[in-house]
Amino acid sequence: MAELSRRRVFLAIAGTLAILAALELAQSKRGPDPGSLRVTRTLMGTLWKVEVMHGGRVEAANHAMTGVWAELERIDRLMSEWKPDSPVSAINAAAGTWVDHVPGELRALLERGTAYSEKSSGAFDVTWKGMGGLWHFDDRFRIPSAADVQRAIGNVDYRALQIDGNRVRLTGPGMAIGLGGIAKGYAIDRAAAVLTRAGFTNYLVDGGGDIYVSGMRGDNPWRLGLQDPRGERGSLIGAIPLSGKALVTSGDYERFRIVDGVRFHHIIDPRTGWPATRSRSVSVVAGTAEQADALATAIFVLGPEQGLALAKAESVDVLIIDAQGKRHLTAGFAAIFETL
Ligand code: ADP
Ligand code: MG
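Just so it is clear, the model here is predicted, and its values are computed rather than measured.

Caption draft 1: Here's a closer look at the pattern of salt bridges. Enumeration over the complete set of coordinates arrives at 19 salt bridges. Lys129 is paired through a salt bridge with Glu81; the nearest N and O atoms lie 3.4 Å apart. Taken together, the residues Lys129 in the loop between α5 (104–119) and α6 (146–152) and Glu81 in the loop between α3 (58–79) and α4 (87–93) connect sequence positions 48 residues apart. Given the relative accessible area of 15%, Lys129 is considered buried. Owing to a relative accessible area of 13%, Glu81 belongs among the buried residues under this scheme. For Glu290, the salt bridge is made with Arg112, and the minimal N-O distance between the two is 2.6 Å. Remark: Arg112 occurs in helix α5 and Glu290 occurs in helix α8 (residues 289–302); sequence separation between them is 178 residues. Looking at Glu290, the relative accessible area reads 7%, which means it is buried.

Caption draft 2: Region of the structure containing the site of ligand 1. In the vicinity of ligand 1 there are 17 residues, among which Ser250, Glu254, His266, Ile268 and Asp293 approach most closely. Within the backbone of Gly180, a nitrogen or oxygen atom sits 3.4 Å from an oxygen atom of ligand 1. Here an oxygen atom of ligand 1 and a side-chain polar atom of Glu254 are 2.5 Å apart. When atom positions are compared with the pocket grids, ligand 1 is found to occupy the largest pocket. Partitioning the shell around ligand 1 into residue classes produces six nonpolar, five polar and six charged.

Caption draft 3: Inspection of α5 at higher detail. Across its 16 residues, α5 extends 23 Å between first and last C-alpha, which sits within 8% of the 22 Å expected from 1.5 Å per residue. Buried residues along α5 sit against α3, α4, β5 (161–164), β6 (167–170), α7 (183–197) and α8. Positive phi appears at Ser121, one or two residues downstream of α5, with a value of about 50 degrees.

Definitions and limits used
Residues numbered from 1 in each chain as written. Chains lettered and ligands numbered in written order. Predicted model: local features only at pLDDT ≥ 70, side-chain atom pairs only at ≥ 80, totals over all residues. Heavy atoms only, no water. Salt bridge = Lys/Arg side-chain N within 4 Å of Asp/Glu carboxyl O. Helix = DSSP H or I, 4+ residues; strand = E, 2+ residues; numbered from the N terminus. Buried < 20%, exposed > 50% of the residue type's maximum accessible area, 1.4 Å probe, protein only. Near = heavy atom within 4 Å. Polar contact = N/O pair within 3.5 Å; in protein donor to acceptor, adjacent residues only side chain to side chain. 1 Å grid on protein atoms, 1.4 Å probe; cavity = no way out; pocket = protein on both sides within 12 Å on 5 of 7 lines; lining within 4 Å. Sits in = over half its atoms within 2 Å of the grid points. Nonpolar A, V, L, I, M, F, W, Y, C, P; charged D, E, K, R; others polar. Expected span 1.5 Å × (residues − 1). Contact = heavy atoms within 4.5 Å.

So this is what it looks like as structure tokens:
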């Protein structure tokens, strides 16, 4: 671990306070870093960390950081399915009827979401939330009956999400959208844009382990660690150097329950209504965090064979750890992957 710390590995793992402790430990081991401003905050139900190499522009970095949090809060108000007054909640509450004056930014994201559904034969589907009442991974967790799943799956179909001018409609009254598989990636990209606009070129934006990195960290490229999906939190299977790209991981170990040896987790196969079974974790490297986020979820559902095909078609790099623990990598991922 000391070696890792010297090599400045960031843990690309989900955000909890325990993980924050792990990160802080790594930070203190490698010593203070005079040239960077680093702030963590909990937002959108996850831990965010932003690090900006300020090059002496401390005031400007602080100001940009304030802009980052404001932007993340704005996106949360726009895209949260949990905030009752968000435009997403308005669409869900009105399911079956049209909603007028849906903000263009949200409509654009929904359109891009639909494009990912088409590319992934429905493996990625923001209308997964039509099942939402059946799957909770908190103290409301229970295993639904096969009949309940069968019924609820009738509420899941991206083709029944209609966009017409500034209006949006879910055709079925029981339908709902949930942007958990794509909105965080979008938010990471928007946060990065705030920093770029403020004139910073070297920074990291980490939303719960989904990361975009720009430029360098001092004299070194950013190095991101990859969580072992069956290891302790913080135990890594490898690391990659990255710049000007996003690394997003979807895993079955982030929110789950194990009942009688069967793992139930938060990535739902929209075609069966049950948690997807073909992967343990999928890490995607792409030009934007949004693309990496949506494709990580899609590829997780598709599994290694179709997942690799989708990654190649979309020109992104991926590491898939399948249900048996076997690794499948694109050539580009293999070229940068370092086993530890
Ligand atoms: P995380 O949110 O843990 O980073 P993902 O990006 O894989 O992981 O997103 C999982 C979330 O996406 C779920 O919590 C849920 O909100 C939503 N979701 C679940 N299944 C799907 C699916 N098949 N397509 C799109 N979104 C999904
Ligand atoms: Mg995702």
